[in-house]
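# Structural characterization, general
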Amino acid sequence: MSDLKSNTVATAQAQTRQVAFRGGGFAPASHRWIGALVFILLVTLAELGTRQGWISPLTLPLPSDVLKTFGELYASGLLWAHMSVSLTRLFVGALLGASLGVAVGVLIGLFSYVRAGLVPLTAALFPIPKIALLPLFVIWFGIDEGSKYALIAFGTFTPTVVATYGAVDNVDRSLIRMGQSFNLSWMSIVRKIVLPGAMPGILSGLRISLAIAIILLVAAEMLGAEYGIGAYILEAGSLYDLERLFAGVTILSLLGVTMSATIGFIERRLLNWRQ
Amino acid sequence: MDIRLSGVSHSYDDFEVLRDITLEIPSGRIVCIVGPSGCGKSTLLRFIGGLEQPTKGEVLQIGSPPKDCLNPLTYIFQDFALLPWRSVRGNISLVLEDHGIRGARAEAIIADVLARTKLTEFHKALPKQLSGGMKQRVAIARALAVNPAVMLMDEPLSALDSQTRELLMDDLVSLWTRTPFTAVYVTHNLAEAVRLGHSIVVMSRRPGEIREVVHLETPLDQRHYGDSALEEKQKYLWQLMREEARAADAELVHV
């Protein structure tokens with residue numbers, strides 16, 4: 001009897017082991033500092049490479065020189081001269097394009113006649129490289145600010161329209177049903193159910209539209225602009241002044257990061273109701 | 001206010017869903033509609049509330065709703081249909097705003113319905129913070145806020161686990177006992193039907209027809225979990241439905 005007992009204990013011991021964990025990965029977590037680390041690593045690598053000579057100064061300027069150029073730009077007051085013009089163009093153009101885009105997108109989402117009429121038109125306009133239309137805009141709106149606003153507005157308009165009507169289409173139908181079942185007016189349903197419900201889609205569309213706006217800003221400033229980051233980069237490029245070119249590009253990148261962070265902030269504030 | 005359905009039939013193209021439904025929903029009673037899946041019971045409920053129109057027959061309101069009734073035919077949905085971006089209070093005030101009820105008057109109504117559904121301390125919570133049972137209680141509170149003449153409940157407990165379901169059934173019974181309301185309660189769960197229904201309409205599989213109407217005389221507050229008389233009724237209902245459910249299950253889905 002006792003023999004039997006010890007025997008079972010022995011087999012039990014022989015088979016005891018921890019169940020292997022295999023459920024790891026596939027779970028995105030936020031590590032903010034890694035992005036900065038990668039950036040610093042790349043810049044340090046470029047600095048080391050150009051200093052020690054295994055990157056030719058013809059291919060890449062010294063990051064510290066770029067920083068110096070940037071400092072000079074700031075000290076001369078030209079930075080602000082370029083930035084203020086560019087930011088105004090970006091703001092006016094993107095505001096025009098995005099607000100028109102959201103309005104048209106909502107109309108497409110709500111009315112099937114508008115959808116039938118405008119969706120093919122947007123599909124036709126979307127793939128046109130807007131930069132190709134710049135000469136046309138110059139004729140229509142003049143060589144001054146008008147053509148630049150128009151180019152940026154037009155470029156942000158189409159992606160915003162597409163994102164917005166997609167977002168309106170994706171609003172939970174059962175919530176709209178609920179609104180109707182409580183006799184809410186059409187206006188109330190649009191204002192209190194459709195628009196807030198479409199907000200996540202509209203904001204993620206804006207991320208893309210605003211990046212496109214920055215690209216088009218540079219394109220717009222390539223024609224008939226004295227000041228502006230685009231003009232600055234273009235001038236540096238034609239003189240093969242790599243330090244200034246990179247300083248300008250850095251400004252654009254920073255602009256993009258700021259823009260994306262701003263939208264991220266708005267999303268966190270406005271969409272805290274999401275799961 | 002009573003509701004009368006007379007000769008309601010419905011088909012999508014040549015796909016018949018409901019056939020000749022004639023039914024009376026008397027004021028102050030709960031009418032349960034049970035049937036196998038796809039028998040058109042939810043469609044029938046959408047006809048009663050005017051969210052869809054039948055191809056034949058009519059849905060009639062007999063008498064007028066009480067004066068203080070803001071939305072005579074009010075739904076409670078299976079998926080709760082709460083706005084995720086509004087708090088509990090905001091979800092209730094949503095249905096009052098359109099009637100021009102704001103400020104102190106709205107506050108009074110909201111406080112009352114939250115107290116009746118035992119949600120007072122959660123008035124600031126967002127739907128994502130609430131459990132399924134609490135979400136449905138918010139939806140019930142929202143329905144009570146408009147003081148409905150008829151509550152149209154579309155499988156209101158089907159998305160909940162069985163314990164929560166028991167609790168909510170008790171809540172519904174006590175709400176009804178305090179102030180009797182008229183309700184049409186669609187469900188596929190026979191236990192819910194025998195607990196809450198004054199009469200139970202058994203429907204056949206598609207095209208849905210009324211097979212039998214079973215009446216239950218026991219007062220709602222005397223029906224309890226595991227009651228043997230109720231079990232008997234439930235067995236009887238299941239026996240009525242069993243073949244239909246089996247046949248409905250074996251059907252191909254037409255989409």
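Check the entry above for the structure.
Residues numbered from 1 in each chain as written. Chains lettered and ligands numbered in written order. Predicted model: local features only at pLDDT ≥ 70, side-chain atom pairs only at ≥ 80, totals over all residues. Heavy atoms only, no water.

### Considerations on the overall build of chain A
Rule in force here: Where helices and strands are cited, they refer to DSSP runs of H or I of at least four residues and of E of at least two residues respectively, numbered from the N terminus. Radius of gyration here is computed from C-alpha atoms only, and the compact-globule reference equals 2.2 Å multiplied by the residue count raised to the power 0.38. Classification of residues uses two cut-offs on accessible area relative to the type maximum, computed with a 1.4 Å probe and protein chains only: under 20% is buried, over 50% is exposed, and between them is partly exposed.
The helix and strand tally for chain A stands at 11 helices and zero strands. Seen in sequence order, chain A has helices and strands lined up from the N terminus as α-α-α-α-α-α-α-α-α-α-α. Relative to a compact globule of 275 residues, whose C-alpha radius of gyration would be 19 Å, chain A shows 28 Å and is clearly more extended. In chain A, which comprises 275 residues, the share counted as buried stands at 37%.

### Concerning the pairing of strand 5 (residues 73-76) of chain B
Residues and elements named next belong to chain B. Note the following rule: Here a strand pair is declared whenever DSSP counts at least two bridges between the two strands.
Residues of strand 5 alternate between two faces, with Leu73 and Tyr75 on one and Thr74 and Ile76 on the opposite face, all of them buried. Examined bridge by bridge, strand 5 and strand 6 (residues 150-154) share four bridges and lie parallel to one another. Across the sheet, residue Leu73 finds its bridge partner in strand 6, namely Val150.

### Brief notes about the pattern of salt bridges
Definition in use: Whenever a carboxyl oxygen of Asp or Glu lies within 4 Å of a side-chain nitrogen of Lys or Arg, that contact is scored as a salt bridge.
Summed over all chains, the structure comprises 25 salt bridges over all chains. A salt bridge links Arg89 of chain A to Glu221 of chain A, with the shortest nitrogen-to-oxygen separation between them at 2.7 Å. Of the two residues, Arg89 of chain A is situated in helix 4 (residues 78-110) and Glu221 of chain A in the loop between helix 9 (186-220) and helix 10 (229-238); the sequence distance between them amounts to 132 residues. Take Arg89 of chain A and Glu221 of chain A: they sit in the same class, and that class is buried. Residues Lys41 of chain B and Glu155 of chain B are paired through a salt bridge, measuring 4.0 Å at the closest nitrogen-oxygen approach. With Lys41 of chain B in helix 1 (residues 41-48) and Glu155 of chain B in the loop between strand 6 and helix 5 (162-178), the pair connects residues that are 114 residues apart, well separated along the chain. Residues Lys41 of chain B and Glu155 of chain B agree in their burial class; the two are buried. Each of the salt bridges in this network shares a partner with another, and the network as a whole consists of Lys192 of chain A together with Arg86, Glu97 and Asp98 of chain B.

### Quick look at the nonpolar core
We count it as follows: Among the buried residues, those of types Ala, Val, Leu, Ile, Met, Phe, Trp, Tyr and Cys that are joined through side-chain atoms within 4.5 Å form a nonpolar core. Every residue pair with non-hydrogen atoms within 4.5 Å of one another is taken to be in contact.
Grouped together as the largest cluster of nonpolar side chains are 136 residues, with contacts concentrated most on Leu44 and Ile200 of chain B. The contact partners of Leu44 of chain B, leaving out residues within four places of it in the chain, are Leu5, Val8, Leu18, Ile21, Ile33 and Met203 of chain B. Val104, Ile108, Phe157 and Tyr165 of chain A belong to the second-largest nonpolar core, a separate cluster that totals five residues.

### Structural notes on the sheet that holds strand 2 (residues 15-25) of chain B
Residues and elements named next belong to chain B. Rule in force here: Simply put, an axis is a line fit to the C-alpha atoms, just over the touching stretch for a helix, and the angle between two N-to-C directions goes from 0 to 180 degrees.
Here we have three strands laid out as an open sheet, ordered 2-1-4, and antiparallel in their pairing. The strands lining the two open edges of the sheet, one partner per strand, are strand 2 and strand 4 (56-62). For this sheet, the mean angle separating the axes of adjacent strands, direction not counted, is 15°. Relative to strand 4, strand 1 (residues 2-12) runs antiparallel, the two sharing six bridges.

### Here we look at helix 3 (residues 63-75) of chain A
Residues separated by three or four positions in an α-helix point in the same direction, a consequence of the helix having 3.6 residues per turn. Residues and elements named next belong to chain A. To keep it simple, the criterion reads: By this rule the span expected of a helix is its residue count minus one, scaled by 1.5 Å. Directions drawn from the helix axis to the C-beta atoms are what define this arc.
Over its 13 residues, helix 3 runs 18 Å from end to end, which matches the ideal 18 Å to within 8%, given 1.5 Å per residue. Every buried residue belonging to helix 3 is among Pro63, Val66, Thr69 and Leu73, and all of these are buried. The buried residues of helix 3 occupy an angular sector of 115° when the element is viewed end-on, so they sit on one face. Seen from the open side of helix 3, the exposed residues pointing more than 90 degrees away from its buried face are Leu67, Lys68, Glu72 and Ala75.

### Remarks on the environment of Arg142 of chain B
Assignment of secondary structure puts Arg142 of chain B in helix 4 (residues 132-145). By relative accessible area, which is 1% here, Arg142 of chain B ends up buried. Every residue in contact with Arg142 of chain B, bar those within four places of it in the chain, is listed here: Met178 and Phe182 of chain A together with Phe80, Ala81, Leu82, Asn91, Ile92 and Val95 of chain B.

### A look at the sheet that holds strand 3 (residues 30-34) of chain B
The strands making up a sheet associate through backbone hydrogen bonding, with each pair oriented either parallel or antiparallel. All names here are of chain B. Overall, mixed pairing links the six strands, which are arranged 5-6-7-3-8-9 in an open sheet. A single partner strand is all that each edge strand has here, and the edge strands are strand 5 and strand 9 (210-215). Taken pair by pair, the neighbouring strands of this sheet meet at an average axis angle of 20°, ignoring direction. With five bridges connecting them, strand 8 (residues 199-203) and strand 9 associate as antiparallel partners. Bridging from a neighbouring strand, Met203 pairs with Ile210 of strand 9.

### Focus on the packing of helix 4 of chain A against helix 9 of chain A
Residue and element names in this part refer to chain A. Note the cut-off: Any angle between 65 and 115 degrees counts as roughly perpendicular, while under 35 counts as roughly parallel, over 145 as roughly antiparallel, and the rest as oblique. Two helices cross in a left-handed way if the nearer one is turned anticlockwise from the farther one by less than a right angle. They cross in a right-handed way if the turn is clockwise. Amino acids outside the nonpolar list (Ala, Val, Leu, Ile, Met, Phe, Trp, Tyr, Cys, Pro) and the charged list (Asp, Glu, Lys, Arg) are all regarded as polar, and Gly is one of them.
Where helix 4 contacts helix 9, the axes come no closer than 9 Å and their chain directions differ by 140°. Classified by the angle their axes make, helix 4 and helix 9 are oblique. In terms of crossing hand, the pair formed by helix 4 and helix 9 is right-handed. Of the residues in helix 9, those touching helix 4 at Ser86, Arg89, Leu90, Ala94, Ala98, Val102, Val106 and Leu110 are Trp186, Val190, Val194, Leu195, Ile202, Leu206, Leu210, Ala213, Ile214 and Leu217. The residue makeup of the contact of helix 4 with helix 9, split by class, is 16 nonpolar, one polar and one charged.

### Considerations on the interface of chain B and chain A
The condition is simple: Buried area: the sum, over both parts, of the accessible surface (1.4 Å probe) that disappears when the two are put together.
Listed per partner, the contact involves 25 residues of chain B and 19 residues of chain A. With both chains or domains summed, chain B and chain A bury close to 2000 Å², and 63% of this area falls on carbon and sulfur atoms. The largest share of the area that chain B buries against chain A comes from Trp85, Asp98 and Lys128 of chain B, three residues that together contribute 33% of it. We note a salt bridge from Lys192 of chain A to Glu97 of chain B, for which the minimum N-O separation is 2.8 Å. Elements supplying a minimum of two residues to the side of chain B that touches chain A: strand 5, helix 2 (88-97) and helix 4 of chain B.

### Concerning the state of the cysteines
By definition, a disulfide links the sulfur atoms of two cysteine residues through a covalent bond. Residues and elements named next belong to chain B. Operational definition: Two cysteine sulfur atoms make up a disulfide if the distance between them is within 2.5 Å.
Tallied over the full model, the rule gives zero disulfides over all chains. Cysteine Cys32 shares no disulfide, and the gap to the nearest cysteine sulfur, in Cys39, comes to 13 Å. Take Cys32: its relative accessible area is 0%, and that puts it in the buried class.

### Some thoughts on the packing of aromatic side chains
All names here are of chain A. Let me state the cut-off plainly: Side-chain rings of Phe, Tyr and Trp, where Trp is taken by its six-membered ring, are said to pair if the distance between their centres is within 6.5 Å; with planes under 30 degrees apart they count as stacked, over 60 as edge-to-face, and otherwise as tilted.
Considering all chains together, one arrives at seven aromatic pairs over all chains under this definition. Pairing Trp140 with Phe141 gives two aromatic rings, centres 6.2 Å apart and planes at 80°, and the pair type is edge-to-face. Note on Phe141: relative accessible area 44%, which makes it partly exposed. Among the aromatic residues, ring-to-ring pairing joins Phe137, Trp140, Phe141 and Phe154 into one connected group.

Everything listed here is a matter of geometry and, on its own, says nothing about what the molecule does.
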